[in-house]
Amino acid sequence: MLLPLARLYPAARDIGPGGQVRKTRRGRRILACLAMVIAAASFANPGGAFAADREEGSQAVDMVVSVVKARNTCFNDTIQVTGVIAPRSETLVRPEKEGLQISQVLVEPGDTVVSGQVLARLKPPEGQSGSNSTVQAPTAGLISSRTAVVGMMASPREPLFRIAVNEQMELVAETPIRNLSRLAPNQTAKVEILGLGEMTGRVRELSTSINEATQLGQIHLMLGRDSRLRVGAFGRATIQIAKRCGAAVPFSAVLYGPGGSVVQTVRDGRIETQRVTVGLFAGGQAEIREGLQEGDVVVERAGAFVRDGDRVRTIEPAVRRR
């Protein structure tokens, strides 16, 4: 109930002779201004002149949260390694006789040869007697390197050529000891060779020993025959260990704390905190191995804004354009 304006604003009154209360011109102007203000407030708020007069006991509006549903997603469990190209099997070619001089070199690195092909010709040094000789390829393959130079003395102790048997190449890489137990022969790999692009390989052999200083073990990835491959070229391989499919949620929906990882789910309009076991990560998604099922509704960006038991209204974000 509103009090008389004169009581709200005593300055609008004046005391006349004999204690008589009278209104002044200035007071009438003040009362008129106050009346206009109160009338405007009443028009803007028909339920009462002041917001403080709202009915007690009215309930607050439920918080609105953005949610997503756990979706079935497949994840590839992989290991990445780096290394260099090397022959799968290599033959060292040496001369049969000591003391002969190289008179002619017939092949270069990168050349393909057949078994029995002449690689170099030898002759006795000038002024010495003896018969000429040749150096032949003991097997078919690719000349991976040579040290033979015209005019040099050939010796059985030093190889003149190296041949990659049957042109078979592989990636020789190193990986930490913890990864070796997860690898096995014949696992497939995608190998990216510097300057050549991607090709397919497979695990051929795993090292049975570990480097004491680096704690790394060797892994051999078979690449096969490809004339573009060059010994010593750098390569990176991604080896697929396993493929798993199951419930997945965005990274942002997972919270980590002293007790482990959790997500905030919405059931019957209320927040529930659910402990989960997180697996692999890929494409902005986290694999949930335990604790959720496909279709469960989770808060998209979990955090401290809501707690267990809070009533919420949910909205699903619009599909983002790629």
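Report follows, based on the coordinates. (Residues numbered from 1 in each chain as written. Predicted model: local features only at pLDDT ≥ 70, side-chain atom pairs only at ≥ 80, totals over all residues. Heavy atoms only, no water.)

1. Examining the state of the cysteines
(1) Moving on: Enumeration over the complete set of coordinates arrives at one disulfide.
(2) Moving on: Note that cysteine 74 is cross-linked by a disulfide to cysteine 245, the S-S spacing being 1.8 Å. Sign of the S-S torsion, about 100° for the bond between cysteine 74 and cysteine 245, identifies this disulfide as right-handed. Remark: cysteine 245 occurs in strand β17 (residues 234–250) and cysteine 74 occurs in strand β4 (residues 71–87); sequence separation between them is 171 residues.
(3) Moving on: When its relative accessible area of 40% is taken as the criterion, cysteine 74 is described as partly exposed. (Disulfide = S-S within 2.5 Å. Helix = DSSP H or I, 4+ residues; strand = E, 2+ residues; numbered from the N terminus. Buried < 20%, exposed > 50% of the residue type's maximum accessible area, 1.4 Å probe, protein only.)

2. Regarding the pattern of salt bridges
(1) Moving on: Enumeration according to the criterion identifies 11 salt bridges in this entry.
(2) Moving on: Between aspartate 77 and arginine 182 there is a salt bridge, and its shortest N-O distance comes to 2.5 Å. Placement of aspartate 77 in strand β4 and of arginine 182 in the loop between α3 (177–180) and β14 (188–193) is noted, with a sequence separation of 105 residues between them.
(3) Moving on: Look at aspartate 77 and you get buried, because its relative accessible area is 11%. (Salt bridge = Lys/Arg side-chain N within 4 Å of Asp/Glu carboxyl O.)

3. Observations regarding the pairing of strand β15 (residues 197–206)
(1) Moving on: Direction of pairing for β14 relative to β15: antiparallel, over a ladder of six bridges. In the sheet register, threonine 188 faces β15, and the bridge partner there is arginine 202.
(2) Moving on: Following β14, the chain reverses through three residues before pairing antiparallel with β15; glycine 195 in that reversal takes a positive phi of roughly 90°.
(3) Moving on: Note that β15 and strand β16 (residues 216–225) share four bridges and pair antiparallel. From the neighbouring strand, valine 203 faces β16, where its bridge partner is leucine 221. (Pairing = 2+ DSSP bridges.)

4. Things to note about the environment of isoleucine 177
(1) Moving on: Tracing the sequence through the fold places isoleucine 177 in helix α3.
(2) Moving on: A residue is classified by how much of its surface remains accessible, and isoleucine 177, at 45% relative accessible area, is partly exposed.
(3) Moving on: Sequence separation between isoleucine 177 and glutamine 215 is 38 residues, and the spatial gap between their C-alpha atoms is 6.2 Å.

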